[in-house]
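# Tertiary structure, described
Each chain, letter by letter, is given below.
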Amino acid sequence: MEIKKTLLSKEKLKALPEDPLKLKFGTNFTDYMFTIEFYRDKGWVNPEIKPYQPLMMDPAASVLHYGQEVFEGQKAYKNANGDILLFRPEENARRMNRSLQRMCMPEIPEDLFLQAEYELLKLEERWIPSVRGAALYMRPAVIATEPVLGVRPSDHYLFFIILSPVGPYFAEGFNPVGLWVSDEYSRAAIGGTGEAKAGGNYGGSLLASKMAKENGCSQVLWLDAKEHRYIEEVGAMNIFFVIDGKLVTPSLSGSILRGITRNSVLQLGPELGVEVEERALSIQDVTGGIAAGTVTEAFGAGTAAVISPVGKLNYRGKEYVISEKSGDITQKLFDKLTGIQYGIESDPFGWVKKVN
Ligand SMILES: Cc1ncc(COP(=O)(O)O)c(C=O)c1O
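Reading guide: rules and limits
Residues numbered from 1 in each chain as written. Predicted model: local features only at pLDDT ≥ 70, side-chain atom pairs only at ≥ 80, totals over all residues. Heavy atoms only, no water. Helix = DSSP H or I, 4+ residues; strand = E, 2+ residues; numbered from the N terminus. Rg over C-alpha atoms; globule rule 2.2 N^0.38 Å. Buried < 20%, exposed > 50% of the residue type's maximum accessible area, 1.4 Å probe, protein only. Contact = heavy atoms within 4.5 Å. Areas by Shrake-Rupley, 256 points an atom, 1.4 Å probe, with all protein chains shown as cover. Lys, Arg positive; Asp, Glu negative; His and termini not counted. Charge placed at Lys NZ, Arg CZ, Asp CG, Glu CD. Core = buried A, V, L, I, M, F, W, Y, C linked by side-chain atoms within 4.5 Å. Polar contact = N/O pair within 3.5 Å; in protein donor to acceptor, adjacent residues only side chain to side chain. Near = heavy atom within 4 Å. Nonpolar A, V, L, I, M, F, W, Y, C, P; charged D, E, K, R; others polar. Pairing = 2+ DSSP bridges. Axes fitted to C-alpha atoms, helices over the stretch in contact; angles between N-to-C directions. Parallel < 35°, antiparallel > 145°, perpendicular 65-115°, else oblique. Left-handed = near helix turned anticlockwise from the far one by under 90°.

### Observations regarding the overall build of the chain
Looking only at helices and strands, the chain features eight helices and 18 strands. At 21 Å, the chain has a C-alpha radius of gyration in line with the 21 Å of a compact globule built from 356 residues. C-alpha atoms of the chain, sized along the principal axes, occupy 60 × 50 × 35 Å. Here the chain, with 356 residues, has 52% of them falling under the buried criterion. For the chain, the proportion of contacts with a sequence separation of at least 24, taken over those separated by at least 6, is 71%. Accessible area for the chain stands at about 15700 Å²; split by element, carbon and sulfur atoms hold 51% of it. Taken together, the 40 basic and 45 acidic charged side chains of the chain have centroids lying 2 Å from each other.

The following block contains the structure:
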């Protein structure tokens, strides 16, 4: 694929952030973006890298009315040699295609997805922070652009990629966060779109997030939609507990996002000598375990939040405190995972791809 490039003169380039570790997550954007259009009769056409700019869209574009949209979240890192590194990018390409399928949208050939990312990153290299803890967050997204009022799959789409230099996801940094267990609202039900990274899943989660914040918690811990009994995941991360020394995470129920960090943690656990288990995990198991002292650590796992220690749960008006500080296993997994991502530690699984 030949990507058309429209470049800015040097004076027009934005100033880099002084301290990427202090950036508010997702609020700064780089100089360029990638776009490519899809038409049912032509396929994917007009790939372009151009200056970062607003999108022109018809007000009848079906994404604005019926929410046909999916996205991904990735990070690019730089190692000590200045190499640009991506972590398991082909997994994002595959998950994007599963999300697109679920939302009745056209799939993107994996090599097109990766070429677009690689070329954009090479051009935007100066934006990739080399300090550990900061990275260049990547947001590939597909929207339905056909101007049509009618509930049916659009015939036109736009795939775009934008980039944002980021520091830590939570203001708390690596200090444990509190989670609000919602037994009133649900994120996703079996048969719904919870396994797809579709924008609507997040729009529907905001009211519960607001409640979490009003109650002094950072994010929501979602339970299953049917019984409000089984733990599913957190707003933007999958959840892990250390129970009797074993690393336990809810099994993929069909309504949980198949996190790439989750999958990586499940493979890293045994490497670090920790047994892992995927199973149905009720909120009562966990709150009972916290009270009994068998649940000793908890953390969320996701691209944006990396490994974020969880210190307490707030459930039905009661606080269940796990720990005031991050636990040993959480710390070891964080060190190992970020060590691999920043090209510092050996990469036994071949997860890291060099872009330049
Ligand atoms: C709802 C939800 N669960 C889990 C995750 C973690 O997924 P990953 O590790 O692939 O970033 C994310 C973030 O992408 C998310 O939005």
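### Remarks on the nonpolar core
One finds Phe34, Trp44, Ile108, Leu121, Val142 and Phe159 to be the most contacted residues of the largest nonpolar core, which totals 45 residues. Those elements that place two or more of their residues in this core are strand 2 (32-39), strand 3 (43-51), strand 4 (69-71), strand 6 (84-87), helix 2 (89-102), helix 3 (110-123), strand 7 (135-144) and strand 8 (156-166). Per-element accounting of this core gives the leading share, seven residues, to strand 8. In terms of nonpolar packing, the next biggest core, distinct from the first, is built from 25 residues, Val234, Met237, Ile243 and Leu313 among them.

### Description of the side chain of glutamine 68
With respect to the element layout, glutamine 68 can be found in the loop between helix 1 (63-66) and strand 4. For glutamine 68, a relative accessible area of 9% puts it in the buried group. A distance of 3.2 Å separates a polar side-chain atom of glutamine 68 from the backbone oxygen of cysteine 104. Reaching out from glutamine 68, the side chain makes a polar contact with the backbone nitrogen of serine 154 at a distance of 3.1 Å. Apart from residues lying up to four places away in sequence, glutamine 68 is in contact with Ser62, Val63, Met103, Cys104, Met105, Val142, Ile143, Ala144, Arg152, Pro153, Ser154 and Tyr157.

### Some details on the site of the ligand
By nearness alone, 17 residues border the ligand, and Arg95, Tyr202, Glu233, Thr261 and Thr303 come closest of all. For the ligand, an oxygen atom lies 2.8 Å from a polar atom in the side chain of lysine 197. At 2.5 Å from a nitrogen atom of the ligand is found a side-chain nitrogen or oxygen belonging to glutamate 233. For the ligand, the protein covers 97% of the area, taking 390 Å² as the surface of the free molecule. Counted by class, the shell around the ligand contains seven nonpolar, six polar and four charged residues.

### Structural notes on the pairing of strand 3
Moving residue by residue along a regular strand, the side chains alternate between the two faces of the sheet. Burial of strand 3 is extensive: eight of the nine residues sit out of reach of the surface. As paired elements, strand 1 (residues 4-5) and strand 3 share two bridges and run parallel to each other. Counterpart to lysine 4 in the pairing with strand 3 is glutamate 48. Judged from the seven bridges that link them, strand 2 and strand 3 form a sheet pairing that is antiparallel. Directly across from methionine 33, in strand 3, lies its bridge partner lysine 50. Connecting the antiparallel pair strand 2 and strand 3 is a turn made up of three residues.

### Here's the deal with the packing of helix 2 against helix 3
Between two packed helices, both the angle of their axes relative to each other and the distance between the axes serve to describe the pair. Close contact between helix 2 and helix 3 brings their axes to 9 Å; oriented N to C, the two are set at 130°. Judged by the angle between their axes, helix 2 and helix 3 are oblique. Both helix 2 and helix 3 take part in a crossing whose hand is right-handed. Contact residues: Pro89, Glu90, Asn92, Ala93, Arg94 and Met96 in helix 2; Glu110, Phe113, Leu114, Glu117 and Tyr118 in helix 3.

### Some remarks on unusual backbone geometry
The backbone of aspartate 244 shows a phi angle near 50°, a positive value even though the residue is not glycine. When you line up the elements, aspartate 244 lands in the loop between strand 12 (238-243) and strand 13 (246-250). Exposure remark for aspartate 244: the relative accessible area of 63% places this residue in the exposed category.

### Here we look at the environment of glutamate 232
Positionally, glutamate 232 belongs in strand 11 (residues 231-234). Sequence spacing of glutamate 232 and leucine 85 is 147 residues, and the spatial spacing of their C-alpha atoms is 31 Å. A polar side-chain atom of glutamate 232 sits 3.2 Å from a polar atom in the side chain of serine 253.

### Describing the packing of helix 6 (residues 260-271) against helix 8 (residues 328-341)
One way to put it is that helix 6 packs onto helix 8 with a least axis distance of 11 Å and a crossing angle of 115°. It follows that helix 6 is roughly perpendicular to helix 8 by the angle criterion. Crossing geometry of helix 6 relative to helix 8 is assigned as right-handed. Of the residues in helix 8, those in contact with Thr261, Ser264, Val265, Leu268 and Gly269 of helix 6 are Leu333, Lys336, Leu337 and Ile340.

These values are about where atoms sit, not about what they do.
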